[in-house]
Amino acid sequence: ATLVLEPAGRCCWDEPVRIAVRGLAPEQPVTLRASLRDEKGALFQAHARYRADAGGELDLARAPALGGSFAGLEPMGLLWALEPEKPLMRLVKRDVQTPFAVELEVLDGNRPEAGRLLGRAVHERDFMAPGVRREPVRAGRVRATLFLPPGEGPSPGIIDLFGSGGGLCEYRASLLAGHGFAVLALAYFRFEDLPEYLNDMHLEYFEEAVDFMLQHPKVKGPSVGLLGFSKGGDLCLSMASFLKGITATVLINACVANTVAPLHYKDMIIPNLGNDPGKLKITESGHFTFLDVWNNPLEEPNHLSLIPLEKAQGPFLFIVGMDDHNWKSEFYAHIASERLQAHGKDRPQIICYPETGHCIDTPYFPPSRASVHTVINKAVFYGGEPRAHSRAQVDAWQQIQIFFHKHLNGKKSFKHSKI
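Being a predicted model, the structure only gives us computed values, none of them experimental. Throughout this document, residue positions are counted from 1 along each chain, in the order its sequence is written. Two thresholds apply to this predicted model, a pLDDT of at least 70 for residue-level local features and 80 or more for giving and counting side-chain atom pairs, whereas whole-chain, interface and lining totals are computed over all residues. Think of the side-chain values as coming from all heavy atoms in the structure, minus any hydrogens and water.

Draft legend 1. Quick peek at the sheet that holds strand E13 (residues 155–161). A pair of strands is labelled paired if DSSP reports no fewer than 2 bridges between them. For the purposes of this entry, the term helix denotes a DSSP run of H or I that reaches at least four residues, the term strand denotes a run of E that reaches at least two, and both are numbered from the N terminus. Spatially, the eight strands line up as an open sheet ordered E11-E12-E14-E13-E16-E17-E22-E23, and their pairing is mixed. Every interior strand has two partners, whereas the edge strands, strand E11 (133–139) and strand E23 (349–353), have only one. If you compare each strand with its neighbour and ignore which way they point, the axes differ by 20° on average. Judged from the five bridges that link them, strand E22 (residues 316–321) and E23 form a sheet pairing that is parallel. By the bridge assignment, leucine 317 is partnered in E23 with glutamine 349. Here a residue-residue contact requires only that any non-hydrogen atoms of the pair lie within 4.5 Å. Axis geometry follows a simple rule: fit a line to the C-alpha atoms, using only the stretch in contact for helices, then measure angles between N-to-C directions, giving values from 0 to 180 degrees. Helix H5 (residues 329–342) rests against E22 and E23 of the sheet, and its axis sits at about 155° to E22.

Draft legend 2. Representation of the nonpolar core within the structure. Note on terminology: a nonpolar core comprises buried Ala, Val, Leu, Ile, Met, Phe, Trp, Tyr and Cys residues joined through side-chain atoms within 4.5 Å. When a residue's accessible area, from a 1.4 Å probe over protein chains only, is under 20% of the maximum for its type it is buried; when over 50% it is exposed; and in between it is partly exposed. Trp13, Leu32, Tyr50, Leu186, Phe206, Met239 and Phe404 are the most contacted members of the largest nonpolar core, which has 138 residues in total. Here this core gets eight residues from one element, more than from any other, and that element is helix H6 (residues 386–409).

Draft legend 3. Main features of the UniProt feature "active site" (unreviewed entry) in the protein. Feature annotation in UniProt assigns "active site" (unreviewed entry) to the following positions: Ser230, Asp324 and His358. A maximum C-alpha distance of 10.6 Å places the annotated residues, which cover 129 residues in sequence, within one compact spot. In this fold, serine 230 is placed in the loop between strand E16 (219–229) and helix H4 (231–242). A relative accessible area of 6% places serine 230 in the buried class. The residues touching serine 230, leaving out its near neighbours within four places in the chain, are Gly163, Ile252, Asn253, Ala254, Trp327 and His358. Structurally, histidine 358 is set in the loop between E23 and strand E24 (370–372). UniProt positions are given in the numbering used here, feature names are shortened, and annotations may be inferred rather than shown by experiment.

Draft legend 4. Seen up close, helix H3 (residues 203–215). Here the expected length of a helix is defined as 1.5 Å per residue gap, with one fewer gap than residues. Taking 1.5 Å of rise per residue, 13 residues should cover 18 Å, and H3 covers 18 Å from first to last C-alpha, within 8% of that figure. Considered for burial, the residues of H3 that qualify are Leu203, Tyr205, Phe206, Ala209, Val210 and Met213. Viewed end-on, H3 has its buried residues packed into an arc of 160°, placing them on one side of the element. The reported arc concerns the directions from the helix axis to the C-beta atoms and nothing else.

Draft legend 5. Structural context of the sheet that holds strand E3 (residues 18–22). The sheet built from three strands is open, its strands ordered E1-E3-E6 with antiparallel pairing. Each edge of the open sheet is held by one strand with a lone partner, namely strand E1 (2–6) and strand E6 (58–59). Across five bridges, the pairing between E1 and E3 is antiparallel. When the sheet's bridge partners are listed, leucine 3 is paired in E3 with valine 21.

The following block contains the structure:
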C-alpha cells in the first residue's frame, strides 16, 4: 500500500493535509495510526479504523472512520485526536525552528496493535512558513521574539501574550507571521531575567513592547494589534485601555477584571480580582476546576479590579469557549459588551463556541481536556469535547486573521485559506 499526502513531504502546522491510501484490496479493512514525539520525547498517538472502497483506495476526505480515536468523516482527525502516552501531558511546540515529524502508518485489519504494517510515511509540519524570519528581542527590559513575514514590508504588527504558565511561547506568533503579520511573542514572567512569579505587574513593561514595535522599520504603523489568551487576555485589555498606539484587540477566554496580581501603571494600581479557594471543585476524575473560584467583578467589593476598557481606541474580538472550566468567559465577554455600550462605544464582536474548553489555540493541536498546570502543579480540567474543540480552533484561527486584516491592514474582504 502507498500513503499519499497532499501537500507531500511537509507543510505548515495550520494547513490541512489530505491523506489517502492506494494499492489496497477492494473493501479491505485497515487501521491508520499517527504518532509524533515532542521535543522532550513524549509520545502522542491516534488511530482510526477504515474500509477501502471497491477500487482499493482510501481517501480520508471521503471515507468516514469506523471507530478508534474518533469516528465519522474527519480528514484531520489523526492530528486533532492525538493523545499523550502519559496522561495529562499537553502537546505544545517549544522550538518553532524545527518541524513536528508526524509518522503515519497503514496497518492491515481493524486491530491496530496486531495488524501487519502495509505502508508508512513521515509528514513534517512546520511552524515557520518559507520566508518567515525569527529575531530574538532583548531591547531594554523587553524579552520577546519577533517574527517577520516574507517580503520587504512593513507589515501590520501584533503583540501576542500567553497566560499564567509563563515563559516564552512562540508557536502562535510564528504561524501568524506566515499570514502577513509582524508578530511579537512577548514573555512577561518566568523567562530569563524576568520575575519568576506573577506578583506585581507593571504596565510600563508592556508599553515598552508597544514602543519597540512602533519604532521597528518592518512594522507598519501608526498602531499595533494585541492577541491575548487567559491571563494574557486581561493584560491585553489593560494595554488597550491605558496605552496609546493600539488599534485592535483579540481576547481568547479572558477576564474583564485584572487577575492573579495587582497591576501598576504610573501612580495607579488596579487590584487583582479576589477569589475563594473554598469554591475550588474537583471533577469525578480528580481534576481541579476553577470556574467558581473567582469573585464576581460586578459586585461592589470587586469593582476596582474591573479594567476600564471603554477607554480603548479600537475594536475588540472576544473568542469564548462555552465549556471553559477556568473562567466564566461568556459572562465576562457580555460584561465587556454592556460596559462598552453604556459608554456609547460599539459593542465588541463575540464568538462563542459550544462544547469548547479553555485552550482554543492553533488549529489541529489536540485540545487536552485536562493538563498539569505549571503554576500550581496540579491537574486542571480545561473542559471541551475534542471534536467540537477542533472545529472551534480552525474557525477561530480564521476569525483572528479576518479581524486583524480588517482593522490593521484595511482589508475589507479576506481570502480564506484552504481550512
